[in-house]
Amino acid sequence: MATIKVTQVKSIIDRPKKQKDTIKALGLRRMNHTVEKEATPQIIGMVKKVSHLVKVEGL
């Protein structure tokens, strides 16, 4: 399956707990941190929920 690069570009300060938990579940720890993930339906759904906080490459 294809991989995608997810980079956190906005802070999670003053965001709802669900969004903070989703960012952490994606493996992002701080601003400008990038992780590579398999493009499974679960990961794509998580990325869509926090799309305003992350940048995605390879989708």
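Residues numbered from 1 in each chain as written. Predicted model: local features only at pLDDT ≥ 70, side-chain atom pairs only at ≥ 80, totals over all residues. Heavy atoms only, no water.

Participant: So what's going on with the overall build of the protein chain? Residues and values would help.
Facilitator: Helices and strands together make up the secondary structure of the protein chain, namely 2 helices and 3 strands. The order of helices and strands in the protein chain, counted from the N terminus, is β-α-β-α-β. Overall, the protein chain is about 35 × 20 × 15 Å in size when its C-alpha atoms are taken along their principal axes. Here the protein chain holds 59 residues, and the buried ones make up 31% of them. A fraction of 70% describes how many contacts in the protein chain between residues 6 or more apart in sequence connect residues 24 or more apart. (Helix = DSSP H or I, 4+ residues; strand = E, 2+ residues; numbered from the N terminus. Buried < 20%, exposed > 50% of the residue type's maximum accessible area, 1.4 Å probe, protein only. Contact = heavy atoms within 4.5 Å.)

Participant: Break down the sheet that holds strand β2 (residues 34–38) for me, with residues and values.
Facilitator: A sheet is described by the order of its strands in space; here 3 strands give the open sequence β2-β1-β3, paired in antiparallel fashion. The sheet terminates laterally at β2 and β3 (54–57), the two strands that pair on one side only. Pairs of neighbouring strands in the sheet enclose a mean axial angle of 25°, with direction left out of account. As defined by bridge partners, strand β1 (residues 3–8) adjoins β3 across 4 bridges and the pair is classed as antiparallel. Looking at the pairing, lysine 5 lines up with glutamate 57 of β3. On the sheet, helix α2 (residues 41–49) packs against β1, β2 and β3 and is oriented at approximately 25° with respect to β1. (Pairing = 2+ DSSP bridges. Axes fitted to C-alpha atoms, helices over the stretch in contact; angles between N-to-C directions.)

By themselves these figures say nothing about function.
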